[in-house]
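# Summary of structural features
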Amino acid sequence: MKPEYVDSVQWDIVRNQIDSDYGAGVTKRILGALTPVSLPRAKGISFYLVPTGWLKILDRDFKQFTPLSLGMWLGDLVEGLFRLSLPALERVQEHTSNLLIVSRRGAESFTYGRSILKESVVKIAPSLLRGQRVFILNETNECLGLAALSVDAYKIGRLAKDRLVAKNLVDIGWYIRRLS
Amino acid sequence: MIGKEQRNRAKEIAKKYGYLPYMIERYVALWGEQEAIQFLEACEQPIKRAIRLNTLRAPVEETLSRLTAKGVRLEKVPWLDTGYIADFTRISPGSLLEHMRGFYYVQGVPSMTVAEALRPQPDSLVVDMAAAPGGKTTHMAQMMNNSGVIVSIEQDRLRTASLESNIHRCGVTNSIVLRGDSRKLDQLGLAPDYILLDAPCSGEGLIALDPSRKRSKSMADIRFCATKQDALLDAAITALAPGGTLVYSTCSIAPEENEFVIDDLLKRRPETKVVPINIEFGVPAYPAPYGVELHESLTLARRFLPHKHNVEGFFICRIEKEESS
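All figures in this text were calculated on a predicted structure; none of them were measured in a lab. (Residues numbered from 1 in each chain as written. Chains lettered and ligands numbered in written order. Predicted model: local features only at pLDDT ≥ 70, side-chain atom pairs only at ≥ 80, totals over all residues. Heavy atoms only, no water.)

### Digging into the overall build of chain A
Let me state the cut-off plainly: Counting from the N terminus, the helices are the DSSP runs of H or I reaching at least four residues and the strands are the DSSP runs of E reaching at least two. The buried label applies to any residue whose accessible area, calculated with a 1.4 Å probe on protein chains only, is under 20% of its type's maximum; exposed applies above 50%, and partly exposed to all values in between. The contact criterion used is simple: two residues touch if any of their non-hydrogen atoms lie within 4.5 Å. Asp and Glu are treated as the negative residues and Lys and Arg as the positive ones, with His and the ends of the chain left uncounted. Positions of charges follow a simple convention, taking NZ of Lys, CZ of Arg, CG of Asp or CD of Glu.
Secondary structure summary: chain A contains six helices and 12 strands in total. Dimensions of chain A, computed from C-alpha atoms along their principal axes, come out at roughly 60 × 40 × 30 Å. Of all 180 residues assigned to chain A, the portion counted as buried reaches 47%. Within chain A, contacts between residues separated by at least 24 positions form 60% of all contacts whose residues are at least 6 apart in sequence. The centroid of the 25 positive side-chain charges in chain A is displaced by 3 Å from the centroid of its 18 negative side-chain charges.

Here you go:
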């Protein structure tokens, strides 16, 4: 197993999903001067962004060494679905308006893997729709992870305070939970 | 050879502190009884927790201000730019948002000092030969401001998970993580400017953190580690670019894994020399442990000792490979 230049068909899937989830042109903006490369996994493919100067290193034969990750981990493509990685979230967040700001208590609960309830919602753009990916931010605009809206944003005001608003997809507590 | 009387005395001390007798015999031979007892007493005391502030995520001042506001008491380690003794009182250091966001890394002072002793320059090619769980890789990445390349190698499948997790959490984007045996480093055909070898060791410097170490390792285990350390050092020197720099370290206080290993290397590989570490910490390494005369340049290497520095026992040696080799 070694890093490969990305397959254009697979990269189209990744680019289309990022752009449709977070806004047109977002993929191009997060890519900047970096080059996407891929690593095949037992299930699916992982994508990484690396400086172009690294390609001469990546072209070599790694022999008895197995590359596990390199550069910035962008995310994984599994069965046609692309999931952004945690390290990529902050980069994408800068270029999107899919944001949900939550209270201090909601933020803490989210980083323990919980989903977002109505009582934790501080601010959300009313145009966001059910099923859309939203970045969860605390009240000082720090990115805590990604969630899927379970209700149209304009309807949130009608919900009871204990009703689900956004389902946790990934949060920064994963770094710690993964090791425990 | 030690006499029956000394052996019996070592047994008495070993029984009192819960160690295997061979360990006490070595400590007494190395330091004399009085200092050996100081060492044993120090290993009964807790080691203060330390953190490294990660400048890839936030400026030092910001992290200091946020942690102070949460009641964490911080005291700067004099020879480290971003190293602090940290008293979290009743807070778990891993539970804070700042930890999840990679603003700091919980790491022992000696471990931070290892990367500081190497201090790789930006844009260079670096190899971390035993990289998990990633403290030193992430430290070097911040020194290099994510430029250049750090090839981080780890053989243990489970430990690579913690390595990758810490790399991502700390915002490191200049590393390539490889699983494999670093003794085969030459197969990669790299000529790194810097190599960090924090070698797998018997852990004899970590007794204060892991009291089970008092009885868990035999002299044969130490010899086994030393053999592996020899092989790793050979692989490192073979791969290192001419004029390149290697830092060798262990979390062991055993001369058999430190001074003797480096002395052998200097004999085996004449293209190498021990050079000074340009920061002030610890005490000089031993040029004549157990009365055996070794290469005099070993005094340029440094040791952390629990009974002198209230940290884990560590050995750190900076080595250069000749330009013309």
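Picking up where we left off.
### Here we look at the packing of aromatic side chains
Residues and elements named next belong to chain B. The test is simple: Side-chain rings of Phe, Tyr and Trp (the six-membered ring for Trp) are treated as a pair once their centres are within 6.5 Å; stacked means planes under 30 degrees apart, edge-to-face means over 60, and tilted covers the remaining angles. By definition here, charges over rings are those cases where NZ of Lys or CZ of Arg is within 6 Å of the ring centre and within 35 degrees of the ring normal.
Counted by the stated rule, this structure contains 15 aromatic pairs over all chains. Summarising the aromatic geometry, the rings of Tyr 27 and Phe 39 are spaced 4.9 Å apart at their centres and angled 65° between planes, so their arrangement reads as edge-to-face. Of this pair, Tyr 27 sits in helix H2 (residues 21–31) while Phe 39 sits in helix H3 (residues 33–42), and the two are 12 residues apart along the sequence. Its end group placed over the ring of Phe 281, Arg 302 keeps NZ or CZ at 5.9 Å from the ring centre.

### Describing the sheet that holds strand E8 (residues 116–117) of chain A
Residue and element names in this part refer to chain A. The criterion, for reference: Whether two strands pair comes down to DSSP finding at least two bridges between them. Interaxial angle, 0 to 180 degrees, is taken between N-to-C directions of lines fitted to C-alpha atoms, where a helix line uses only the stretch in contact.
A sheet is described by the order of its strands in space; here six strands give the open sequence E8-E12-E11-E10-E7-E9, paired in mixed fashion. The outermost strands of the open sheet, each flanked by one partner alone, are E8 and strand E9 (121–124). Two strands pair when backbone bridges link them, and E8 and strand E12 (residues 164–171) are joined in this way by two bridges, in the antiparallel orientation. Bridge pairing links Leu 117 to Leu 164 in E12. Across the sheet, helix H4 (residues 86–93) touches strand E7 (99–102), strand E10 (133–137), strand E11 (143–149) and E12, and the angle it forms with E11 is around 85°.

### Quick look at the interface of chain A and chain B
To keep things clear, this is the line we draw: In short, buried area is how much 1.4 Å probe accessible area vanishes from two parts on joining, totalled over both. Within this document, salt bridges are pairs made up of a side-chain nitrogen of Lys or Arg and a carboxyl oxygen of Asp or Glu, the two lying within 4 Å of each other. Residues adjacent in sequence count toward polar contacts only when both atoms are side-chain atoms; beyond that, a polar contact is any pair of N or O atoms within 3.5 Å, and within protein one must be able to donate a hydrogen and the other to accept it. We call Asp, Glu, Lys and Arg charged. Ala, Val, Leu, Ile, Met, Phe, Trp, Tyr, Cys and Pro are nonpolar, and the rest, Gly among them, are polar.
Listed as interface residues are 31 residues of chain A and, on the opposing side, 37 residues of chain B. Of the roughly 3000 Å² buried at the junction of chain A and chain B (both faces included), carbon and sulfur atoms supply 60%. Linking chain A with chain B are four salt bridges. The tally of links between chain A and chain B comes to 11 residue pairs in polar contact (both at pLDDT 80 or more). Elements with a minimum of two residues in the side of chain A that touches chain B: helix H3 (55–58), strand E4 (66–70), strand E5 (72–78), H4, E11 and helix H6 (174–177) of chain A. Broken down by element, the residue count for the side of chain A that touches chain B peaks at five residues, all from E4 of chain A. Residue composition of the side of chain A that touches chain B, grouped by class: 18 nonpolar, seven polar and six charged. In the sheet, E4 of chain A pairs with strand E7 (residues 175–179) of chain B via four bridges, with the strands oriented antiparallel. Residue pairing in the sheet places Pro 67 of chain A in a bridge with Leu 178 of chain B of E7 of chain B.

### Observations regarding the nonpolar core
Under the convention used in this document: Nine residue types can take part in a nonpolar core, namely buried Ala, Val, Leu, Ile, Met, Phe, Trp, Tyr and Cys, and a core is a set of them joined through side-chain atoms within 4.5 Å.
Counting residues in hydrophobic clusters, the biggest one holds 48 residues, and the most contacted among them are Leu 58 and Leu 70 of chain A together with Met 129, Ile 195, Leu 246 and Ile 262 of chain B. In this structure, Leu 70 of chain A is in contact with Pro 3, Val 37, Leu 39, Tyr 48, Val 50, Trp 54 and Leu 58 of chain A together with Ser 175 and Ile 176 of chain B, ignoring residues within four places of it in sequence.

### Section: the confidence of the model for chain A
Worth spelling out the cut-off: For every residue, the predictor states its confidence as a pLDDT score lying anywhere from 0 to 100.
For chain A, the average pLDDT comes to 94, and 99% of its residues sit at 70 or higher. The secondary-structure element of chain A with the lowest mean pLDDT is H3 of chain A, recorded at 86, while E8 of chain A shows the highest, at 98.

### Observations concerning the sheet that holds E5 of chain A
Residue and element names in this part refer to chain A. A sheet is described by the order of its strands in space; here five strands give the open sequence E1-E2-E3-E5-E6, paired in antiparallel fashion. Of all strands in the sheet, those bounded by a partner on one side alone are strand E1 (4–5) and strand E6 (81–84). Where H4 meets the sheet, its contacts fall on strand E2 (34–40), E5 and E6, and the angle it forms with E5 comes to roughly 105°.

### Here's the deal with the pattern of salt bridges
All names here are of chain A. Scanning the entire structure with this criterion turns up 29 salt bridges over all chains. The shortest N-O distance in the salt bridge between Asp 152 and Lys 155 comes to 3.6 Å. Accessibility expressed as a relative area gives 16% for Asp 152, which makes it buried. Across the pair Arg 177 and Asp 171 runs a salt bridge, and its minimum N-O distance is 2.8 Å. Note on Arg 177: relative accessible area 35%, which makes it partly exposed.

### Some thoughts on unusual backbone geometry
With an omega dihedral of 5°, the bond running from Ala 132 of chain B to Pro 133 of chain B counts as a cis peptide bond. At Glu 79 of chain A, a position not held by glycine, the phi torsion is positive, near 50°. Its place among the elements puts Glu 79 of chain A in the loop between E5 and E6. When its relative accessible area of 80% is taken as the criterion, Glu 79 of chain A is described as exposed. You will see that Thr 89 of chain B, though not glycine, has its phi angle at about 45°, which is positive. According to the relative accessible area criterion, Thr 89 of chain B is partly exposed, its value standing at 47%.

### So, the side chain of Ser 297 of chain B
All names here are of chain B. With respect to the secondary-structure elements, Ser 297 resides in the loop between strand E11 (283–284) and strand E12 (302–304). Residue classification places Ser 297 among the buried positions, given a relative accessible area of 13%. Each residue touching Ser 297, except ones within four places of it in the same chain, is listed here: Leu 266 and Val 274.

### Let's talk about the packing of helix H1 (residues 4–17) of chain B against H3 of chain B
Residues and elements named next belong to chain B. Basically, it comes down to this: Any angle from 65 to 115 degrees is called roughly perpendicular, while one under 35 is roughly parallel, one over 145 is roughly antiparallel, and all others are oblique. Two helices crossing with the near one rotated counterclockwise from the far one by less than a right angle form a left-handed crossing, whereas a clockwise rotation gives a right-handed crossing.
Packing of H1 against H3 leaves a shortest axis separation of 11 Å and a crossing angle of 15°. Judged by the inter-axis angle, H1 sits roughly parallel to H3. Remark: the crossing between H1 and H3 carries right-handed chirality. Contacts between H1 and H3 involve Arg 9, Ile 13 and Tyr 17 on the former and, on the latter, Glu 33, Ile 37, Leu 40 and Glu 41. Residues that form the contact of H1 with H3 fall into these classes: four nonpolar, no polar and three charged.

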